[in-house]
Amino acid sequence: MIELDALDKLATDAFEGYIVRKDLVRMFSRQFPVPTYVVEFLLGRYCATTNEAEIQEGLDIVQRQLASRTVKAGEEELFKARARETGAVKIIDIITARLDAKTDSYVASLPSLRLNDVRIPPELIKEHERMLTGGFYAEITLGYDAAIAQEKFGRPFGIDGLRAIQLSKRDVLDSLSAGRKKLSTEEWRDVLLRSIGLEPAGMSSRGKDAILLRMVPFVERNYNLVELGPRGTGKSHLFQQVSPYAHLISGGKATVARMFVNNGNGQRGLVCQYDVVCFDEVSGISFDQKDGVNIMKGYMESGEFSRGKESIRADGSIVLVGNFDVDVEHQQRVGHLFGPLPPEMRNDTAFMDRIHSFLPGWDIPKMSPDLYTNHFGLVSDYLSECFSQLRNQSRLSTVQGRVFLGGALSGRDITAVNKTISGLLKLISPDSEAEVNDADLEWAVRLALEVRRRVKEQQKRIGSAEFRNTHFSYTLGQEGVEKFVVTPELQSENSIGTDPLEPGQVWTISPGGVDDNLGLYRIEVTEGPGSGVRILNKPTPTAFQESLRYAEQNLYSRATQLVGDRDPRSHEFSVQLRAFDAAKSGAKLGISALIALAGALLRKPVRGGLVVVGEINLGGSIEDIHNAVNIAEIAIEKGAQALLMPVSCRRQLNELSDDMATKVDIQFYLDARDALLKALVE
């Protein structure tokens, strides 16, 4: 007996009849040779309750049905004999069919009985066309006709009836939307994770985000996703076990006929029949035709491919999953993150441009027993039916007028980001009428920008000048601040990246003092209503406190020159000094403190990769620096792209070595206003 938690109670109340205990699912899926959603289909029918007695009763029925209808290895002849003796037998199996041109009839295959020539009425084929592509699981009544067995080339086995294992109700989205309203966003995300069998309790928020991204291809048409990461993170589980609308292609050859269209008989391929087609172990995939990758590229771009003169539209999403043999840092040192793709895709920037999202597989924890949930989640076939219906909607209207994407995004970037935002919003807010709050919208925007920027960064690595600008940003609302989004694996918190920081943040180097060394710092300022300047560091470094006082007084006395019509005295500034070296005093950082205060007030970020150096006194004069060469060397070592220094340092810097001088762009300023104009993004 499991202990129900608060979320179980909420979920069972909100989704009565559509909920199942996920530990029961695992109990059966290990015993019987069928995917999870088949087991859940039966559990959903007989055990969708929290009443322990009813669950036990339902479990007995499910156990009996699975035991009597699934064919274990070695039992094939037993089932065939039963069909002969009793005239028909019921089985649960994956059914596929093909046209036998010699006899002008359709024949079905049942792999668990090793039968490849079972009679099947054309009406059933018309009703379930997916039999002709990849097949699907069904409850099948298999008949046996002794008279036909006597005929030459007779086919005694025939399909008398079948019922596809998936939900047939059409109004599922209404019940999903109604249930979702009873939960907070955080609770609903956890229910989604439990619904695919995972326990969110021990997961990081980045791990949860990555798993939700895996679901986007199910709810967004023609969505192209790549997930590469370490082995053992359950990459193919969602595409193989959870939804009958997904199809997994494992390594090896992918034929153009099977993927897109068979030119011989006009039969539509997997991308027309399934919502998601996933290539597992993608490094081993190759196409049977030379132009296979080009057909795929064309399809990923437009959702169309041509067969002769006719153009065929499909909306199946393409997912490519594979493994890194090394860690992410190493992969980036030796090449780029698309390295594990097959050779014909690996360095093709045009192919990469069609990828909407590069999911950081390294953020997902490795699958272990404590990662599987023992709690309640939505029944898989109900969830996958809802996902499938969400594909018919778009959430772009939610974004319009509320989110403005930055200038670094190309047309394809914008399309990709919009698709990811739309998919994430459908997942966390299935009701198209419901209002999406700013926090949820910003979460989706940041995630969408990050996973697209990761694609762009790899294109930049391959060396294409057209992908040079990867500083993705967004603004929320007309009055909002422009915020930049990074890909965490590229930038560690304590090195100077190329991205602009948030407004109010400045990288700086202290020239040191009597008993303190040179050191790298980041000043972080936030402003709000009130007055004065508070330092959050405890204990407060005395030298920094003095520099900050000079900066504050200069901001007040020269406000018109520095911040125009804004009045700094009607704002309260909170200041934090972060040290990244042994140096801790924060001496002589007046100019960078002034730029941080003004930047926070103007809501403008400092240019990416810039380090600002210099001290200002109460009268507004800039003090001389005596160790400019050492400062420049440290800035370069820490990864600075540009260095802003007092003009009085110019002569000293003649002694900087040629090698060092070529690595950083050194600019000079005359006074505080000049420094501010040169530091802030235009």
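Here the structure is shown first, and the text comes after it.
Residues numbered from 1 in each chain as written. Predicted model: local features only at pLDDT ≥ 70, side-chain atom pairs only at ≥ 80, totals over all residues. Heavy atoms only, no water.

Student: For this particular structure, what's the right way to read the overall build of the chain?
Tutor: The secondary structure content of the chain amounts to 27 helices and 24 strands. Buried positions account for 56% of the 682 residues belonging to the chain. Counted over contacts in the chain with a minimum sequence separation of 6, partners at least 24 positions apart contribute 72%. Surface exposure of the chain reaches about 29,200 Å², of which carbon and sulfur atoms provide 47%. Side-chain charges in the chain split into 81 positive and 92 negative, and the spacing between the mean points of these groups amounts to 3 Å. (Helix = DSSP H or I, 4+ residues; strand = E, 2+ residues; numbered from the N terminus. Buried < 20%, exposed > 50% of the residue type's maximum accessible area, 1.4 Å probe, protein only. Contact = heavy atoms within 4.5 Å. Areas by Shrake-Rupley, 256 points an atom, 1.4 Å probe, with all protein chains shown as cover. Lys, Arg positive; Asp, Glu negative; His and termini not counted. Charge placed at Lys NZ, Arg CZ, Asp CG, Glu CD.)

Student: Quick question: what am I supposed to make of the pattern of salt bridges here?
Tutor: Two side chains of opposite charge can pair, provided their charged atoms sit close to one another. Enumeration according to the criterion identifies 43 salt bridges in this entry. We note a salt bridge from D674 to K678, for which the minimum N-O separation is 3.3 Å. Highlighted residues: D674 and K678, both in helix α27 (residues 672–679), separated by 4 residues, approximately one helical turn. When salt bridges with common partners are traced through the structure, they connect E301, D353, R354, R412, D413, R452 and K456 into a single cluster. (Salt bridge = Lys/Arg side-chain N within 4 Å of Asp/Glu carboxyl O.)

Student: Any chance you could explain helix α1 (residues 6–14) here in plain terms?
Tutor: Quick reminder: α-helices carry 3.6 residues per turn. Residues three or four places apart thus point the same way. Buried within α1 we find L7, D8, A11, T12 and A14. Taken end-on, α1 shows its buried residues confined to a sector of 165°, consistent with a single buried face. Turned more than 90 degrees away from the buried face of α1, the exposed residues are A6, K9 and D13. As for α1, its buried residues are in contact with β1 (19–21), α8 (172–180), α9 (185–195) and β14 (376–378). (Arc of directions from axis to C-beta.)

Student: Got a minute to help me understand the sheet that holds strand β17 (residues 482–484) in this structure?
Tutor: Working definition: the strands of a sheet are paired by backbone hydrogen bonds and lie parallel or antiparallel to each other. Spatially, 3 strands are ordered β15-β16-β17 in an open sheet, and the strand pairing comes out antiparallel. Two strands bound the open sheet, and with one partner strand each, they are β15 (403–405) and β17. Going across the sheet, the axis of each strand differs from the next one's by a mean of 30°, ignoring polarity. Alignment of β15 against strand β16 (residues 473–476), held across 3 bridges, turns out to be antiparallel. Looking across to β16, one finds that V403 is bridged to L476. Along the sheet face, helix α21 (residues 438–462) touches β15, β16 and β17 and points at about 170° away from the line of β16. (Pairing = 2+ DSSP bridges. Axes fitted to C-alpha atoms, helices over the stretch in contact; angles between N-to-C directions.)

Student: Whenever I open this one, the pairing of strand β21 (residues 571–579) confuses me. Can you help?
Tutor: Look at any regular strand and the pattern is simple: side chains alternate between the two faces of the sheet. Looking at chain direction, strand β19 (residues 519–529) and β21 are connected through 9 bridges and run antiparallel. From the neighbouring strand, E524 faces β21, where its bridge partner is Q576. For strand β20 (residues 532–535) and β21, the ladder comprises 4 bridges, and the chain directions are parallel. Within β21, the position partnered with V533 by the bridge is F573.

Student: Looking at this structure, I do not really get the state of the cysteines. What am I missing?
Tutor: Put plainly, a disulfide is one covalent bond tying together the sulfur atoms of two cysteines. Scanning all chains against the criterion turns up 0 disulfides. The thiol sulfur of C278 is not disulfide-bonded, and the nearest other cysteine sulfur, from C272, lies at 18 Å. (Disulfide = S-S within 2.5 Å.)

Student: Teacher, can you tell me more about the environment of S570 here?
Tutor: Locating S570 in the fold gives a position in the loop between α23 (559–563) and β21. Judged by its relative accessible area of 38%, S570 is partly exposed. Between the C-alpha atoms of S570 and P529, which are 41 residues apart in sequence, the distance is 6.7 Å. The residues contacting S570, other than those within four sequence positions of it, are P529 and G530.

Student: Explain the nonpolar core here, please?
Tutor: Note on soluble globular proteins: their nonpolar side chains tend to be buried together. F15, L43, W188, M215, L378, Y382 and F387 are the most contacted members of the largest nonpolar core, which totals 89 residues. In this structure F387 touches L192, M215, F218, V219 and L427, once residues within four positions along its chain are discounted. Counting 40 residues, the second-largest nonpolar core is a separate cluster that includes L589, L594, L597 and A679. (Core = buried A, V, L, I, M, F, W, Y, C linked by side-chain atoms within 4.5 Å.)

Student: Is there a simple way to explain the packing of aromatic side chains in this structure?
Tutor: Two aromatic rings are characterised by how far apart their centres lie and by the angle between their planes. Throughout the structure, instances matching the rule amount to 14 aromatic pairs. On the numbers, 5.6 Å between centres and 10° between planes, the contact of F218 with F239 is stacked. With a gap of 21 residues between them, F218 in helix α10 (residues 205–219) and F239 in helix α11 (residues 237–242) connect regions that are remote in the sequence. Through pairs of rings, three or more aromatic residues link up here, namely F324, F338, F358 and W362. Over the ring of F79 we find R82, and its NZ or CZ is 5.0 Å from the ring centre. (Phe/Tyr/Trp six-rings, centres within 6.5 Å; stacked < 30°, edge-to-face > 60°. Lys NZ or Arg CZ within 6 Å of the ring centre and 35° of its normal.)

Student: Even after reading the chapter, I still don't get α8, so can you show me in this structure?
Tutor: For α8, every residue scored as buried is listed here: V172, L173, L176, S177, G179 and R180. For α8, the angular spread of buried residues about the axis comes to 165°, placing them on one side. Tucked into the core, α8 has its buried residues touching α1, α9, β14, α18 (380–390) and α20 (411–428).

Student: Hey, could you run me through the sheet that holds strand β24 (residues 665–669) in this one?
Tutor: Pairing in this open sheet of 7 strands is mixed, and the strands run β20-β21-β19-β18-β22-β23-β24 from one edge to the other. Looking along the sheet, the strands with just one partner apiece sit at the ends: β20 and β24. Pairs of neighbouring strands in the sheet enclose a mean axial angle of 30°, with direction left out of account. Here helix α22 (residues 542–557) sits on the sheet and contacts β19, β20 and β21; the angle it forms with β20, its principal contact strand, is near 160°. Packed onto the sheet, helix α25 (residues 628–637) meets β18 (505–510) and β23 (642–646) and runs at close to 160° relative to β23.

Student: Honestly, the environment of L337 in this entry has me stumped. Any pointers?
Tutor: Following the sequence through the fold, L337 ends up in the loop between α15 (328–334) and α16 (343–346). Measuring from C-alpha to C-alpha, the distance between L337 and V563 comes to 43 Å, with 226 residues separating the pair along the chain.

Student: Looking at this structure, how should I read the environment of T475?
Tutor: By the element assignment, T475 lies in strand β16. Classification of T475 as buried rests on a relative accessible area of 17%. For the pair T475 and S195, spaced 280 residues apart in the sequence, the C-alpha separation amounts to 34 Å. The contact partners of T475, leaving out residues within four places of it in the chain, are R402, V403, F404, G480, V481 and E482.

Student: How do you make sense of the packing of α20 against α21 when you look at a structure like this?
Tutor: The interhelical angle for the contact between α20 and α21, taken along N-to-C directions, is 140°, at an axis separation of 8 Å. With respect to each other, α20 and α21 are oriented oblique. Relative to α21, the crossing made by α20 is right-handed. Contacts from R412, D413, A416, V417, T420, I421, L424, L425 and I428 of α20 reach α21 at D440, L441, W443, A444, V445, L447, A448, L449, V451, R452 and K456. In the contact of α20 with α21, the residues fall into 14 nonpolar, 1 polar and 5 charged. (Parallel < 35°, antiparallel > 145°, perpendicular 65-115°, else oblique. Left-handed = near helix turned anticlockwise from the far one by under 90°. Nonpolar A, V, L, I, M, F, W, Y, C, P; charged D, E, K, R; others polar.)

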